[in-house]
Every structure is written in C-alpha cells, then in structure tokens.
Amino acid sequence: MPTFDAPDGTRLAYHRKGSGGDQPLVCVPGGPMTPSAYFGDLGGLAARRELVLLDLRGTGDSARPAELAGFRVDRQAEDIEALRAALGLERLDLLGHSASGDLVLAYAARYPERVRSLVLVCARARTAGIDFPVERRREALELRRDEPWYEDVRPAFERAVSGEADDADFALLDRLSYGRWDTAARTHAAACAEWFDEEAAAAYLAPGAFDGADAARAVLTGLDAPVLVVSGELDGSPRPDSAAEVAGLFPRGEHVVQAGAAHNPWVDGPDDFVRTVAGFLAGGGR
C-alpha cells in the first residue's frame, strides 16, 4: 500500500487497481469522508483504466490529522496536489463523486494548470457556488412512488428534512441512493454506513469551507480541460438539470444522464457507467 505525506505531515494512503490508459485516473471518494474502498473497481472501470483510489485523511488506511480543522474540504485540496507530486504526474485525470465534487473543484480552482481532465459523478458543486435544495430531493422521491418501500421511506424523508430522523430512518433513506434496491445496493449501502465518520463529515463542511466560491467559480469558468458530468436519472442531489448547470460552468463541459441510476451509477448500471467514463477518458472529451 503506497503512502505519501500531506503538507501538514499527515500520512495518507492510496490504492492502485487495474490497468490501461496512458496515465491513471485519480479517484476521490465522497461521503463526505468515506474510505475509497466503497468505489470497488468502479463497476469494472479498472479493466479499462488504472485507478488510483485516494483514502482521504482519517479514512481507510490514511492517518487522522492532528486537528479536526484539518478535515475541512478546501484545506484537503493540498492533499491532492501532494498526491500528484508523489505520483510524478504533470497533470491529473481526476474523478470526484458526491461530496468530493466540492473537493476536486477546490483543487481545480487552485491548480487549474494541473488538471488534464475532470469527471464529476453525481457531484456537489458548492465550491463554485451551486447548491442543490432539499426540495429537489423530494422531487426524486416522488419518482419512486411505485417502489414497494415508498410508503415507508416518505415519512422517513420528512423526518430527515425536519431534523427528527433517527438511524432507522436514515437506513430507509439509503434506498433513494440506488436505482434498484437489490443485493448489490444493499451490500454497498451497508459498507458505506459502517465506514461513515460523522465527526469528520461535519468538519469537512465546517464554516468557511466555501467562502471563496466566487473566486473559485471565476477560475473554473475558464478551465481549459475537458469535464464530464455524470448524473443519475433518479438522483435527488443533483437532479439532472442541476448537473447540467454544473457542466455549463466549463468551456469544455459535457453532461450525461445515466438512465435508471440514482446516486451510485457504477452500482446501478456498471456497463453504462464504464462505457461513458472510459469513452470520455479515451479521448471523446478532448
């Protein structure tokens, strides 16, 4: 297991999977603050492209920072730059999922010359001043009215919105993160729940994390790199039209909606996901 030191001395780990391509795809996990193990092989993408899976500080095989403030999302952008240097790469092909969209966008805004391509998968974009209101999640919930679990999930959702949800409610809400609540989805959701670090997640989004959104957005709107934004047809955060807004920030941005997928499209439809991302990386976005 290779490791490297972040600028503050925190020892960080990453994992290599697969082969292919002229350089690896660096994958940054979401959660926030979930170990990179939840990526698996990204639905088989590792058969087409070498993956470098970063364990963010305090997750997986990476050490915790000396201070809780070290978890804040904008500060972790320097960890990605340290990883780039450790890999000996001039520029990165970079993938961020969910909450790590904020992190990879923070990196791209700080080091635009180091980004060769960017893949945003069901990704947040608060770094660029774009947020996804909770009402849009309710829209996605209503798309699932025919699911056998809908009548149980709907009140759990309302309790979550009002801040009254308990662990059982959040377990029910996991169904909304997948296009099908099958064995693969259940296994993935259980692992994510086990690994989730609530304290680190809160620190990731600590006050001040997005204070530089206007400046970051100004850089990102001029980013000279191809950007692929993947959204799930059934996802509530982001809804596809919100993901299209994110793609529209970039001069070379494109948006693909994966049919039948929710928040984890490589779990819902691995073949579709691999086809989309591998095709983009092979040159379709360049």
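Not measured: the values here are computed from a predicted model.

Criteria and cut-off values
Residues numbered from 1 in each chain as written. Predicted model: local features only at pLDDT ≥ 70, side-chain atom pairs only at ≥ 80, totals over all residues. Heavy atoms only, no water. Buried < 20%, exposed > 50% of the residue type's maximum accessible area, 1.4 Å probe, protein only. Helix = DSSP H or I, 4+ residues; strand = E, 2+ residues; numbered from the N terminus. Arc of directions from axis to C-beta. Contact = heavy atoms within 4.5 Å. Axes fitted to C-alpha atoms, helices over the stretch in contact; angles between N-to-C directions. Parallel < 35°, antiparallel > 145°, perpendicular 65-115°, else oblique. Left-handed = near helix turned anticlockwise from the far one by under 90°. Pairing = 2+ DSSP bridges. Salt bridge = Lys/Arg side-chain N within 4 Å of Asp/Glu carboxyl O. Right-handed = clockwise from strand over helix to strand, strands pointing away. Nonpolar A, V, L, I, M, F, W, Y, C, P; charged D, E, K, R; others polar.

## A few points about helix α3 (residues 134-142)
Phase 1 of the analysis: Buried residues of α3: Arg136, Ala140 and Leu141, and no others. Within α3, the buried residues cover an arc of 155° as seen down the axis, which keeps them to one side.
Phase 2 of the analysis: Where α3 is buried, its residues touch α4 (150-161) and α9 (240-247).

## Some details on the packing of helix α1 (residues 77-87) against helix α2 (residues 100-110)
Phase 1 of the analysis: At a minimum axis distance of 8 Å, the contact between α1 and α2 shows a crossing angle of 70°. On the basis of their axis angle, the class for α1 and α2 is roughly perpendicular. Considering only the axes of α1 and α2, their crossing is right-handed. For the pair formed by α1 and α2, the contact residues are Ala77, Glu78, Ile80, Glu81 and Arg84 on the first element and Leu103, Val104, Ala106, Tyr107 and Arg110 on the second.

## Considering the pairing of strand β3 (residues 25-28)
Phase 1 of the analysis: Of the two faces of β3, the one carrying Leu25 and Cys27 and the one carrying Val26 and Val28 are both buried.
Phase 2 of the analysis: Looking at chain direction, β3 and strand β5 (residues 92-97) are connected through four bridges and run parallel. Residue pairing for β5: Leu25 is matched across the bridge by Asp93.

## A short note on the pattern of salt bridges
Phase 1 of the analysis: For the coordinates displayed, the defined rule picks out 26 salt bridges.
Phase 2 of the analysis: Taking the shortest distance from any N to any O, the salt bridge between Asp79 and Arg57 comes out at 2.7 Å. A residue pair is termed long-range when its members are at least 10 positions apart, and Asp79 in helix α1 and Arg57 in the loop between β4 (51-55) and α1 qualify at 22 residues.
Phase 3 of the analysis: For Asp79, a relative accessible area of 2% gives the class buried.
Phase 4 of the analysis: Given a relative accessible area of 2%, Arg57 falls into the buried group.
Phase 5 of the analysis: Its salt-bridge partner being Arg126, residue Asp102 comes within 2.7 Å of it at the nearest N-O pair. Taken together, the residues Asp102 in helix α2 and Arg126 in the loop between β6 (115-121) and α3 connect sequence positions 24 residues apart.

## Comments concerning the pairing of β6
Phase 1 of the analysis: Counting buried residues in β6 gives seven out of seven residues, a clear majority hidden from the surface.
Phase 2 of the analysis: In the sheet, β5 pairs with β6 via six bridges, with the strands oriented parallel. Following the sheet pairing, Gly96 is matched in β6 by Leu120.
Phase 3 of the analysis: As a crossover connection, the stretch from β5 through α2 into β6 is right-handed.
Phase 4 of the analysis: When β6 meets strand β7 (residues 227-232), the two strands line up parallel, connected through four bridges. Note that in β7 the partner of Val121 across the bridge is Val230.

## Some details on the packing of α2 against helix α8 (residues 213-220)
Phase 1 of the analysis: Packing of α2 against α8 brings their axes to within 8 Å, and their N-to-C directions diverge by 70°. Here α2 is positioned roughly perpendicular relative to α8, judged by the angle of their axes. Once α2 is placed against α8, the crossing between them reads as left-handed. From α2, Leu105, Ala108 and Ala109 reach across to α8, where they touch Ala216, Val219 and Leu220.
Phase 2 of the analysis: Its residues placed into classes, the contact of α2 with α8 shows six nonpolar, no polar and no charged.

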